[in-house]
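This is what each chain is made of:
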Amino acid sequence: MSEGNAKKKRVDRPMRFLPVGIDIKGKKILVFGGGRIALQKLRTILLFNPKVTVVAPKILSEIKDMGVDWVEEIFSRNHLAEAFLVYACTSDPETNRVIASEAGERGILCNVADDTDACAFISPAVAVADDLVISVNSQGRNPNLSRVVRDFIKESVDEFLHGRD
């Protein structure tokens, strides 16, 4: 593909989400939802910050066993106090939109599972290899492809690192 065609393609499908690393040390992270999607998000979040609170009327025992704080309640605006990042992972799209709206009004970045349009940020597919953090995103368009590419890169990095020893 020529440079002109590459630029044209980016214009046709503009990039919305800027990949960045955010300092979350000691910051309060909230995950609304206590099911499988929340569990998946937590597995990544906990690689970087153990200060997470899960809020949901029902929470999987696997989540409770992860060492996170958890509260079995429905969403309330009061939960957002002092939050730095929010993940809306409930099974109710309307509740997720309300969470995103309330977080946005407070200047809190919010990720909404399965609704890229409502997201202030997206979560990439992440792997850690020694001090390297590998993250791949498809601008929220194809999470499965992101995971496949992440795994491919992680395997290559592991081979490279072990080959050096």
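Our subject is the structure that appears above.
Residues numbered from 1 in each chain as written. Predicted model: local features only at pLDDT ≥ 70, side-chain atom pairs only at ≥ 80, totals over all residues. Heavy atoms only, no water.

So, on to the layout of surface pockets. Reported here for the largest pocket is a volume of approximately 1200 Å³. Lining the largest pocket are 41 residues, and of these Ile 122, Ser 123, Pro 124, Ala 125 and Val 126 lie nearest its centre. Tallying contributions element by element places helix α2 (residues 36-45) first for the lining of the largest pocket, with five residues. What lines the second largest pocket is a set of 18 residues, among which Gly 33, Gly 34, Pro 57, Thr 90 and Ser 91 lie closest to the centre. (1 Å grid on protein atoms, 1.4 Å probe; cavity = no way out; pocket = protein on both sides within 12 Å on 5 of 7 lines; lining within 4 Å. Points joined across faces, edges and corners; volume = space filled by probe spheres on them. Helix = DSSP H or I, 4+ residues; strand = E, 2+ residues; numbered from the N terminus.)

A separate point is the side chain of Thr 53. You can see Thr 53 is positioned in strand β2 (residues 52-55). Its relative accessible area of 15% is what places Thr 53 among the buried residues. (Buried < 20%, exposed > 50% of the residue type's maximum accessible area, 1.4 Å probe, protein only.)

Okay, a nonpolar patch on the surface next. On the surface, a cluster of nonpolar side chains totalling about 450 Å² of accessible area is made up of Leu 18, Val 20, Ile 22, Phe 84 and Leu 109. As for its placement among the helices and strands, Val 20 is situated in the loop between α1 (3-12) and β1 (28-32). The exposure class of Val 20 is exposed, given its relative accessible area of 55%. (Patch = residues over 30% accessible without salt bridge, like charges linked within 9 Å, V, L, I, M, F, W, Y side chains within 5 Å. Areas by Shrake-Rupley, 256 points an atom, 1.4 Å probe, with all protein chains shown as cover. Salt bridge = Lys/Arg side-chain N within 4 Å of Asp/Glu carboxyl O.)

All right, on to the pattern of salt bridges then. Inspection of every chain in the model, using the stated rule, returns seven salt bridges. Its salt-bridge partner being Arg 36, residue Glu 62 comes within 2.7 Å of it at the nearest N-O pair. Of the two residues, Glu 62 sits in helix α3 (residues 61-64) while Arg 36 sits in helix α2, which places them 26 residues apart along the sequence. The exposure class of Glu 62 is partly exposed, given its relative accessible area of 35%. Of the residues examined, Arg 36 reaches a relative accessible area of 52% and is grouped as exposed. For Arg 106, the salt bridge goes to Glu 102, with nearest N and O atoms at 2.8 Å. The exposure class of Glu 102 is buried, given its relative accessible area of 9%. Connected through salt bridges with shared partners, the residues Arg 77, Glu 102 and Arg 106 form a single ionic network.

Ranked by internal contacts, the top residues of the largest apolar core, which has 18 residues, are Ile 29, Val 31, Leu 42, Val 52, Val 54, Ile 63 and Tyr 87. A per-element tally of this core places α2 first, with four residues. Setting aside anything within four residues of it in sequence, one finds Tyr 87 in contact with Ile 29, Leu 30, Val 31, Phe 32, Lys 41, Ile 45, Asn 111, Phe 121 and Ser 123. Phe 75, Ala 83, Ile 99 and Cys 119 belong to the second largest nonpolar core, which has 17 residues in total. (Core = buried A, V, L, I, M, F, W, Y, C linked by side-chain atoms within 4.5 Å. Contact = heavy atoms within 4.5 Å.)

Let us look at helix α4 (residues 93-105). The end-to-end C-alpha distance of α4 is 18 Å, a good match for the 18 Å that 13 residues give at a rise of 1.5 Å each. When α4 is considered as a whole, its buried residues turn out to be Asn 96, Ile 99, Ala 100, Glu 102 and Ala 103. Down the axis of α4, the buried side of the element spans an arc of 170°, and every buried residue falls inside it. Against the buried residues of α4 lie β1, β4 (83-88) and β5 (109-112). Immediately beyond the C-terminal end of α4, within one or two residues, lies Gly 107, with a positive phi of roughly 75°. (Expected span 1.5 Å × (residues − 1). Arc of directions from axis to C-beta.)

Okay, the sheet that holds β4 next. An order of β3-β2-β1-β4-β5 is seen for the five strands of this open sheet, with the pairing classed as parallel. Either end of the sheet is taken by a strand with one partner, and the two such strands are β3 (69-71) and β5. Neighbouring strand axes in the sheet, compared pairwise and without regard to direction, differ in orientation by 20° on average. Here three bridges tie β2 to β3, and the two strands are oriented parallel to one another. Bridging from a neighbouring strand, Val 55 pairs with Val 71 of β3. Contacts between α2 and the sheet are confined to β1, β2, β4 and β5, with β1 contributing the most and set at about 160° to the helix. Packing against the sheet, α4 makes contact with β1, β4 and β5, and its axis sits at approximately 165° to β5. (Pairing = 2+ DSSP bridges. Axes fitted to C-alpha atoms, helices over the stretch in contact; angles between N-to-C directions.)

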